[in-house]
Number of protein chains: 2
Amino acid sequence: MRIDVSLVPGEILAKDASRSVVVVIDVLRATSTIVTALASGCEEVIPAESIEEAIALANGYKRSDYVLGGERRGVPVEGFDLGNSPQEYDGPRVAGKKIIIATTNGTNAITEYGVARDIFVACFLNADAVMEACRAYKDSDFVLVCSGQDGRFCMEDTLCAGLLATRLAEETGAEMSDAARAASLLYQQRKESIEDELLRCDHGAYLVGIGYEQDVRYCSRQSVLSVVPKVYDRRVIRKAHGGKEE
Amino acid sequence: MRIDVSLVPGEILAKDASRSVVVVIDVLRATSTIVTALASGCEEVIPAESIEEAIALANGYKRSDYVLGGERRGVPVEGFDLGNSPQEYDGPRVAGKKIIIATTNGTNAITEYGVARDIFVACFLNADAVMEACRAYKDSDFVLVCSGQDGRFCMEDTLCAGLLATRLAEETGAEMSDAARAASLLYQQRKESIEDELLRCDHGAYLVGIGYEQDVRYCSRQSVLSVVPKVYDRRVIRKAHGGKEE
């Protein structure tokens, strides 16, 4: 068993993760939003790689069955129902609906690793629950994928990957790659200050600057939601057999 | 002023570093070898991107004027004069000669950033001297380039980048990107154990396994050489005006 971390988009190719359990992380904010939406009772999340694709996908459903969400450069897309603020995706707005969502970084990572053994979606909000799901794989390698920011390394995803890598290694005795060990060391060094790190990191500071400080603080909360989103046939559902919540 | 770090090959493109001072790092072992060779009196180092290119370049010189060096997967290339063990590149073998060298990761990074404002070559061995050279740029951004290992993140280059980023930020007050801050935090956490980190990291452990433990220990020595290699017209020379050592 080995734990690896893709610290920068494209660092670990999908073909090299085909036998691994993949965990996709985009703390600010795509995976925090997806986790919140599924915890609020939305039926499934359909990630789109572009705004155009999101609109095309939406055309396949009855208007009352879906919510269209997305952002570019942190701000909502004109004409869409919701932006990418996790707390917008609460019960009444999303319960029982499909969410079609286009975001800058996270959705690309979710759709990219389709050949993996299984793909989960993680953020700080559901860290414990993801750990619980990973614990079931006794013999698997793990690849934790940081979505990053505009093709670059980002601190917030690395700290979340570090949390998961640290716990997985403790529980399973799995070896860590250099990248996994770096993420783990960073998490261990800053684990008492996750909220501060999220507020000061490049994208966190940008979001604070355009008025989303409450989002950043919300996304730093740890293990407050128990849902484990799983990618299945390019859709994100609650971890399940047959699509039902466990 | 801003300090950024390319943690993974290709993370920061050459075109985005064109106004920056670039520092290329490949601790195990290309830049440690180049620094050692120039400190031992070699005239210049000509990096080649492949073994074939190294041989083609050598054909342009008198046999007594150059030394041909290189490695693939850590081992010397058949028919070459030297491998990539820094300590092979000592005085009698290299003094007054050109070294044409093909290595797996480091030489590619050196040749890639040709458009940068200036390009220096660093490792732990010459860290203080590189800092001294960087101090002369009062108004520049810095990009520290980790050569990585086979396209991946590696711990040893990141720790060296972290050392340089930490000192540069302390002395200049420059801002750090997320990647620079991550490298700096890792260095600060592990700075008392650099040799241990180099022995245990993915490529360090590989080199130990094939018999190069002494190389790894040598490459962990900090600021023992005062040479600052500078890339000029695709050649690496001692930092100089007109090619002479300062």
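Residues numbered from 1 in each chain as written. Chains lettered and ligands numbered in written order. Predicted model: local features only at pLDDT ≥ 70, side-chain atom pairs only at ≥ 80, totals over all residues. Heavy atoms only, no water.

1. Quick notes on the packing of aromatic side chains
How two aromatic rings sit relative to each other is given by the distance of their centres and the angle of their planes.
Then step 1. Using the criterion set out here, one finds 2 aromatic pairs over all chains in the structure.
Then step 2. With centroids separated by 6.2 Å and ring planes inclined at 65°, the aromatic side chains of Phe120 of chain B and Tyr137 of chain B adopt a geometry described as edge-to-face. Separated by 17 residues along the polypeptide, Phe120 of chain B in strand 7 (residues 118-122) and Tyr137 of chain B in the loop between helix 5 (127-135) and strand 8 (142-146) bring together distant segments of the chain.
Then step 3. When its relative accessible area of 0% is taken as the criterion, Phe120 of chain B is described as buried.
Then step 4. The ring of Tyr212 of chain A carries Arg29 of chain A above its face, with NZ or CZ at 4.6 Å from the centroid.
Then step 5. Looking at Arg73 of chain B, its charged tip hangs above the ring of Tyr206 of chain B, at a distance of 5.6 Å from the centre. (Phe/Tyr/Trp six-rings, centres within 6.5 Å; stacked < 30°, edge-to-face > 60°. Helix = DSSP H or I, 4+ residues; strand = E, 2+ residues; numbered from the N terminus. Buried < 20%, exposed > 50% of the residue type's maximum accessible area, 1.4 Å probe, protein only. Lys NZ or Arg CZ within 6 Å of the ring centre and 35° of its normal.)

2. Things to note about the interface of chain A and chain B
Then step 1. Tallying the contact residues gives 27 residues for chain A and 27 residues for chain B.
Then step 2. Looking only at chain A, the three residues that lose the most surface to chain B are Arg152, Asp178 and Arg181 of chain A, adding up to 30% of its buried area.
Then step 3. Linking chain A with chain B are 8 salt bridges.
Then step 4. A salt bridge links Arg2 of chain A to Asp202 of chain B, with the nearest nitrogen and oxygen atoms 3.6 Å apart.
Then step 5. Here chain A is connected to chain B by 16 residue pairs in polar contact (both at pLDDT 80 or more).
Then step 6. Among the elements that make up the side of chain A that touches chain B, the one with the highest residue count is helix 7 (residues 178-190) of chain A (8 residues).
Then step 7. Here the residues of the side of chain A that touches chain B are counted per class, giving 13 nonpolar, 3 polar and 11 charged. (Contact = heavy atoms within 4.5 Å. Buried area = accessible area lost by both parts, 1.4 Å probe. Salt bridge = Lys/Arg side-chain N within 4 Å of Asp/Glu carboxyl O. Polar contact = N/O pair within 3.5 Å; in protein donor to acceptor, adjacent residues only side chain to side chain. Nonpolar A, V, L, I, M, F, W, Y, C, P; charged D, E, K, R; others polar.)

3. As for the relation of the copies chain A and chain B
Then step 1. The two copies are related by a screw operation: chain A maps onto chain B through 180° of rotation and 0.0 Å of translation along the axis, at an RMSD of 0.0 Å. Those values place the two copies in the arrangement expected of a two-fold rotation axis.
Then step 2. The share of interface residues of chain A whose copies in chain B are also at the interface is 100%, consistent with both copies meeting through the same surface. (Least-squares fit on C-alpha atoms with pLDDT ≥ 70 in both.)

4. Here we look at the side chain of Asp178 of chain B
Then step 1. By the secondary structure assignment, Asp178 of chain B is in helix 7 (residues 178-190).
Then step 2. Look at Asp178 of chain B: it is buried, it has no salt bridge, and the nearest opposite charge is Arg181 of chain B at 6.4 Å.
Then step 3. Aside from chain neighbours lying at most four places away, what touches Asp178 of chain B is Phe153, Cys154, Met155, Glu156, Cys201 and Asp202 of chain A. (Lys, Arg positive; Asp, Glu negative; His and termini not counted.)

5. With respect to the pattern of salt bridges
Here the idea is simple: oppositely charged side chains can pair when their charged atoms come close.
All names here are of chain A.
Then step 1. Throughout the structure, instances matching the rule amount to 44 salt bridges over all chains.
Then step 2. As a salt-bridge pair, Arg2 and Glu175 come within 3.6 Å of each other at their nearest N and O atoms. Residue Arg2 is found in strand 1 (residues 2-6), and its partner Glu175 is found in strand 9 (residues 175-176); the two are separated by 173 residues along the sequence.
Then step 3. Among the residues examined, Arg2 registers a relative accessible area of 31% and is labelled partly exposed.

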